[in-house]
Amino acid sequence: IQWYEYTGTFGGSLWILLLNLFLFQLLRNIQLKSPLKKTITRSTVLLVLLIVPLVISFRMYSSYMEAENPINIAIVQPNVDPYNEKFDMEAETQKLNDFLRLAAKVTSDSTDFIVGPETLFEHQTLWNEATFESNAFLIRLDSFLQRYEKADMVFGVSSFKVYENEDDITYLAQHNNGITYDRYNTAMLFTTAGELQTYHKSKLVAGVEKVPFQKYFSFLKNNYIDLGGATGSLGRQKEASNLVSKKAVIAPVICFESVFGDYVTDYIKKGAEVIFVITNDGWWKNSRGYKQHLLFSQLRAVETRRSIARSANTGTSCFINQRGDVLQATNWWKEAAIAGSVNK
């Protein structure tokens, strides 16, 4: 499917529909004992539709050469069970300790980025966006980064923003104990220089992270399905935005967002040089779900011709090159840390 670089998955869907249409017509002609010439014509069209794109794809795959512009990345898969994890300070501190322990195994002075999964930290009150500068966890992470020459971090948290001005309140905002706020599924870039950038997940999972049509049915806003990870009616940003490091411009794709080829392409149009997919695939348990989710990342790599570093809480963490090849894939339900390089 290397030709998806030009058509995207919509072109692939059209291809599959056409194949099915001509196959149906061929079988129908055989069933109705249509003239041989008509049957041969249908068969020829079907074979051309099947073979030509495949031949083109194989040629593109074998001839594609990535531009050599490597960045070194360490990926951490902490393997936290989202169905049974606790969210108190003790549990969050243990997650921090485990993350740093795993990261230390594969981080060196040549590491450019350390990548952690979606909602790595989820304490309900810890990640107030107005007080990040005094966040105890960020202080610990900064201390860790200072041990290395140039490593930056990208990871996910459940953050929140409190509204002081009534005019700023969104329709997704929640109200509790006299406080109005939005909760976010957030990707965070934290640099060795102490700089901080955030991206709020835009494509939210219906029934898990948002109630569909909540703008019109606000009374349903607190009704959602708990499938692990960040849950509830979350806030969101309206469009894709990149995290900009001195080493690379990063497309921070959070979990479900990797399903949407057109949305991921928006990051590329805005200058993204590499894609980081951070996800929590633990709620799939050991099913086809987490495997299929990985395949979406492979599609995005081919469509955008961008390398991908994929950090899953559990599931499959890996590197994906610009031809869509999966490299150094981790095992299901195993904590792991891997290091490698990708071209931007």
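A brief look at the structure comes next. Please read these numbers as outputs of a predicted model, since none were measured by experiment.

## Re the overall build of the protein
Moving on, step 1. Secondary structure assignment for the protein yields six helices and 13 strands.
Moving on, step 2. Principal-axis analysis of the C-alpha atoms gives the protein an extent of 80 × 50 × 35 Å.
Moving on, step 3. When each of the 344 residues of the protein is scored for burial, the buried share is 51%.
Moving on, step 4. Counted over contacts in the protein with a minimum sequence separation of 6, partners at least 24 positions apart contribute 69%.
Moving on, step 5. Here the protein displays about 16800 Å² of accessible surface, and carbon together with sulfur accounts for 56% of that area.
Moving on, step 6. Counting 36 positive and 35 negative side-chain charges, the protein places the averaged centre of each group 13 Å from the other.

## Considering the sheet that holds strand β10 (residues 308-312)
Moving on, step 1. Spatially, the six strands line up as an open sheet ordered β7-β8-β9-β10-β11-β12, and their pairing is mixed. The sheet terminates laterally at β7 (243-244) and β12 (326-327), the two strands that pair on one side only.
Moving on, step 2. Both β10 and strand β11 (residues 318-320) contribute to a ladder of three bridges, which runs antiparallel. Note on β11: the bridge partner recorded for Arg310 is Cys318.
Moving on, step 3. Each of β8 (249-254) and β9 (274-279) touches helix α5 (residues 261-269); the most contacted strand, β8, lies at about 165° to it.
Moving on, step 4. This element, helix α6 (residues 288-304), spans β9, β10, β11 and β12 of the sheet and lies at about 165° to β10.

## A short note on the pattern of salt bridges
Moving on, step 1. The final tally for this structure, using the stated rule, is 13 salt bridges.
Moving on, step 2. Of the charged contacts, one joins Asp152 and Lys247 as a salt bridge, the two residues approaching to 2.9 Å between their closest N and O atoms. Of this pair, Asp152 sits in strand β3 (residues 152-162) while Lys247 sits in the loop between β7 and β8, and the two are 95 residues apart along the sequence. Of the two residues, Asp152 and Lys247, neither departs from the other in class, the shared state being buried.
Moving on, step 3. Linking Glu303 and Arg300 is a salt bridge whose minimum nitrogen-to-oxygen distance equals 2.8 Å. Taken together, the residues Glu303 and Arg300, both in helix α6 and three residues apart, mark about one turn of the helix.
Moving on, step 4. The class of Glu303 is buried, set by a relative accessible area of 12%.

## Examining the packing of aromatic side chains
Moving on, step 1. A full pass over the atoms with the stated rule returns 16 aromatic pairs.
Moving on, step 2. An angle of 90° between the planes, with centres 5.0 Å apart, marks the rings of Phe256 and Phe260 as edge-to-face.
Moving on, step 3. With a relative accessible area of 27%, Phe256 lands in the partly exposed category.
Moving on, step 4. Phe260 sits in the partly exposed class, given a relative accessible area of 24%.
Moving on, step 5. Taking 5.5 Å as the distance between ring centres and 85° as the angle between the ring planes, the aromatic pair formed by Tyr263 and Tyr267 counts as edge-to-face.

## Describing the packing of helix α1 (residues 4-31) against helix α2 (residues 36-63)
Moving on, step 1. Contact geometry for α1 and α2: axes closest at 9 Å, N-to-C directions at 155°. With respect to each other, α1 and α2 are oriented roughly antiparallel. Like other packed secondary-structure pairs, α1 and α2 cross with a definite hand, here left-handed. Contact residues: Glu5, Tyr6, Trp15, Leu18, Leu19, Phe22, Leu23, Gln25, Leu26, Asn29 and Ile30 in α1; Lys38, Thr39, Arg42, Ser43, Val45, Leu46, Leu49, Leu50, Pro53, Leu54 and Met60 in α2.
Moving on, step 2. Taken together, the residues of the contact of α1 with α2 sort by class into 15 nonpolar, four polar and three charged.

## Details of α2
Moving on, step 1. Under the 1.5 Å per step criterion, the end-to-end length of α2 is 40 Å for 28 residues, consistent within 8% with the ideal 40 Å.
Moving on, step 2. Three or more residues of α2 are buried, namely Thr39, Leu46, Leu49, Pro53, Ser57 and Met60.
Moving on, step 3. Lining the buried residues of α2 we find α1.

## As for the environment of Pro70
Moving on, step 1. On the secondary structure map, Pro70 appears in strand β1 (residues 70-77).
Moving on, step 2. Distance from Pro70 to Ala136, taken between C-alpha atoms, is 33 Å for residues 66 residues apart in sequence.

Rules behind the numbers
Residues numbered from 1 in each chain as written. Predicted model: local features only at pLDDT ≥ 70, side-chain atom pairs only at ≥ 80, totals over all residues. Heavy atoms only, no water. Helix = DSSP H or I, 4+ residues; strand = E, 2+ residues; numbered from the N terminus. Buried < 20%, exposed > 50% of the residue type's maximum accessible area, 1.4 Å probe, protein only. Contact = heavy atoms within 4.5 Å. Areas by Shrake-Rupley, 256 points an atom, 1.4 Å probe, with all protein chains shown as cover. Lys, Arg positive; Asp, Glu negative; His and termini not counted. Charge placed at Lys NZ, Arg CZ, Asp CG, Glu CD. Pairing = 2+ DSSP bridges. Axes fitted to C-alpha atoms, helices over the stretch in contact; angles between N-to-C directions. Salt bridge = Lys/Arg side-chain N within 4 Å of Asp/Glu carboxyl O. Phe/Tyr/Trp six-rings, centres within 6.5 Å; stacked < 30°, edge-to-face > 60°. Parallel < 35°, antiparallel > 145°, perpendicular 65-115°, else oblique. Left-handed = near helix turned anticlockwise from the far one by under 90°. Nonpolar A, V, L, I, M, F, W, Y, C, P; charged D, E, K, R; others polar. Expected span 1.5 Å × (residues − 1).

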